[in-house]
Amino acid sequence: ATPTAIMVGSGKGAENGILIKTGEALETAHKIQTIIFDKTGTITEGKPKVTDLYAIDLHENEVLSIAASCEKASEHPIAQAIVKGAEEKGLNLSNVESFTAVPGHGIKASIEQREILIGNKKLMESNGVDVSVGQAKFEEYAENGKTPMFIAMDKKLVGVIAVADAPKESSKEAVRKLHELGIEVIMLTGDNRKTAAAIAREVGIDKVLAEVLPQDKANEVKKVQEGGRVVAMVGDGINDAPALVQADVGIAIGSGTDVAIESADIVLMRNDLLDVVKAIRLSKATIRNIK
Ligand code: ADP
Ligand code: MG
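Residues numbered from 1 in each chain as written. Chains lettered and ligands numbered in written order. Predicted model: local features only at pLDDT ≥ 70, side-chain atom pairs only at ≥ 80, totals over all residues. Heavy atoms only, no water.

Caption draft 1: Molecular detail of the coordination of the magnesium ion (ligand 2). Here the magnesium ion (ligand 2) is held by the protein donor atoms Asp38 (OD), Thr40 (O) and Asp236 (OD), which lie 2.0 to 2.3 Å from it. Mapped onto the sequence, the donors of the magnesium ion (ligand 2) take the spacing D-x1-T-x195-D. Asp38 gets classed as buried once you look at its relative accessible area, which sits at 4%. Thr40 sits in the partly exposed class, given a relative accessible area of 28%. (Donors = N, O, S within 2.8 Å, 3.2 Å for Na, K, Ca; no water. Buried < 20%, exposed > 50% of the residue type's maximum accessible area, 1.4 Å probe, protein only.)

Caption draft 2: Layout of unusual backbone geometry. We note that Glu112 has phi near 45°; this positive angle belongs to a residue other than glycine. By secondary structure assignment, the location of Glu112 is in the loop between β5 (106-111) and β6 (114-119). The backbone of Lys155 sits at a positive phi, close to 70°, despite the residue not being glycine. Its location among the elements puts Lys155 in the loop between β7 (147-153) and β8 (156-164). On the accessibility criterion, Lys155 (37% relative accessible area) is partly exposed. (Helix = DSSP H or I, 4+ residues; strand = E, 2+ residues; numbered from the N terminus.)

Caption draft 3: Molecular detail of the sheet that holds strand β12 (residues 249-253). The strand order across the open sheet formed by seven strands is β1-β13-β12-β11-β2-β9-β10, and the pairing between neighbours is mixed. Looking at which strands have only one partner, the edges of the open sheet turn out to be β1 (18-20) and β10 (207-209). The mean inter-strand angle of the sheet, taken between neighbouring strand axes irrespective of direction, is 20°. The pairing of strand β9 (residues 184-188) with β10 spans three bridges and is classified as parallel. Directly across from Met187, in β10, lies its bridge partner Val208. (Pairing = 2+ DSSP bridges. Axes fitted to C-alpha atoms, helices over the stretch in contact; angles between N-to-C directions.)

Caption draft 4: Focus on the nonpolar core. Ranked by internal contacts, the top residues of the largest apolar core, which has 37 residues, are Ile32, Ile35, Phe37, Leu178 and Val276. The greatest single-element share of this core, amounting to six residues, is contributed by helix α13 (residues 274-290). Judged by nonpolar contacts, the second largest core, of 23 residues, contains Leu53, Ala86, Leu91 and Val158. (Core = buried A, V, L, I, M, F, W, Y, C linked by side-chain atoms within 4.5 Å.)

Caption draft 5: Local environment of the sheet that holds strand β4 (residues 98-102). Strand order in the open sheet made by the six strands is β3-β8-β7-β6-β5-β4, with antiparallel pairing throughout. The strands lining the two open edges of the sheet, one partner per strand, are β3 (49-55) and β4. Taking each pair of neighbouring strands and ignoring which way they run, the sheet shows an average axis angle of 20°. By the bridge criterion, seven bridges tie β7 to β8 in an arrangement that is antiparallel. Within β8, the position partnered with Ala152 by the bridge is Leu157.

Caption draft 6: Structural context of the confidence of the model for the protein chain. Residues of the protein chain with pLDDT of at least 70 account for 99%, and the chain-wide mean is 96. Scoring the predicted complex yields pTM 0.92 and, for the interface, ipTM 0.95. (pLDDT = per-residue confidence, 0-100.)

Caption draft 7: Quick look at the pattern of salt bridges. Scanning all chains against the criterion turns up 17 salt bridges. Between Lys155 and Glu115 there is a salt bridge, with the nearest N and O atoms lying 3.4 Å from each other. You can see Lys155 sitting in the loop between β7 and β8 and its partner Glu115 sitting in strand β6, a full 40 residues away along the chain. The partner of Lys217 in a salt bridge is Asp240, and the shortest N-O contact between them spans 2.8 Å. Within this pair, whereas Lys217 is found in helix α10 (residues 217-225), its partner Asp240 is found in the loop between β11 (231-235) and α11 (241-246), the two being separated by 23 residues in sequence. Owing to a relative accessible area of 2%, Asp240 belongs among the buried residues under this scheme. It is possible to trace a salt-bridge network through shared partners that takes in Asp38, Lys217 and Asp240. (Salt bridge = Lys/Arg side-chain N within 4 Å of Asp/Glu carboxyl O.)

Caption draft 8: Local environment of the site of ligand 1. Thr40, Glu71, Ser74, His76 and Gly190 are the nearest of the 20 residues found near ligand 1. His76 is positioned such that a nitrogen or oxygen atom in its side chain is 2.6 Å from an oxygen atom of ligand 1. A distance of 2.9 Å separates an oxygen atom of ligand 1 from a polar backbone atom of Gly190. When ligand 1 sits alone it has 550 Å² of accessible area, and the protein chains cover 93% of it. Elements that contribute at least two residues to the shell around ligand 1 include exactly β5, β6 and β7. By residue class, the composition of the shell around ligand 1 is five nonpolar, 12 polar and three charged. (Near = heavy atom within 4 Å. Polar contact = N/O pair within 3.5 Å; in protein donor to acceptor, adjacent residues only side chain to side chain. Areas by Shrake-Rupley, 256 points an atom, 1.4 Å probe, with all protein chains shown as cover. Nonpolar A, V, L, I, M, F, W, Y, C, P; charged D, E, K, R; others polar.)

Caption draft 9: Spatial organisation of the packing of aromatic side chains. One pass over the full model with this rule turns up one aromatic pair. Their ring planes at 10° and their centres at 4.2 Å tell us that Phe138 and Phe150 sit as a pair that is stacked. Of this pair, Phe138 sits in helix α7 (residues 135-143) while Phe150 sits in strand β7, and the two are 12 residues apart along the sequence. Phe150 carries the same exposure label as Phe138, and that label is buried. (Phe/Tyr/Trp six-rings, centres within 6.5 Å; stacked < 30°, edge-to-face > 60°.)

In structure tokens form, the structure reads like this:
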């Protein structure tokens, strides 16, 4: 492509809030065969809210207060939702004596010398917590597209809490338009398989890679690229940065983390997935002008 065509193309992008950082990205975008979307904050709003709480032996508010006290130390969007949920009910929070985040699994903390675990099944299993009394609720929440988490105190299950994060308004339309362009669409997430499948169904995505650990996201992109497929990755989180670099075209959501924005070739300032379609159209137009 001539420098002029690239300049015109990226200028048009900028007018639409699509920042194209390199000429190469503009030249590659029309060749994309598969687009991989991160779920939380990319397909969904990224503002989860507590929707359900199932308490075992303790009072609901007690379980919520314990969970929120621990999650106060975490920066995960799930944690913020739980803290907000407790604050909205005017619950008192306790001081946390220790806190460890277990990436992709949950958190471990201690309050009044009692060990608290909050997270997915893997976290409970690796800590020897029997989840059977909460299993049915956990599955029910997940099937409804909510993210469920177990809460355990001193290795005993005390609750199951669910947060929900709605898809962005235009996610479904963006997926449909990408399919019309013949592009395969995949969802990539660290979240529960059933939760991910429910959200994917809602927006029309047929392929889901779920329960992927943060450090494995880039490798999943690499696997999709096998055989020379041209793959774009769209994401917003710190977790997504290596995957954005690995992809042939890395696309960051403008409201995302700085690391994601720095790692991407294209940034969508309006946080709208329809702008992925626009970027591809712009690339096509640029190439057509050149030829
Ligand atoms: P995502 O791709 O959705 O950002 P993560 O890898 O951050 O996923 O998290 C995967 C899963 O780990 C979550 O769905 C949740 O079950 C658990 N998890 C992560 N962080 C926390 C937390 N602060 N509290 C409870 N559970 C958590
Ligand atoms: Mg995300």
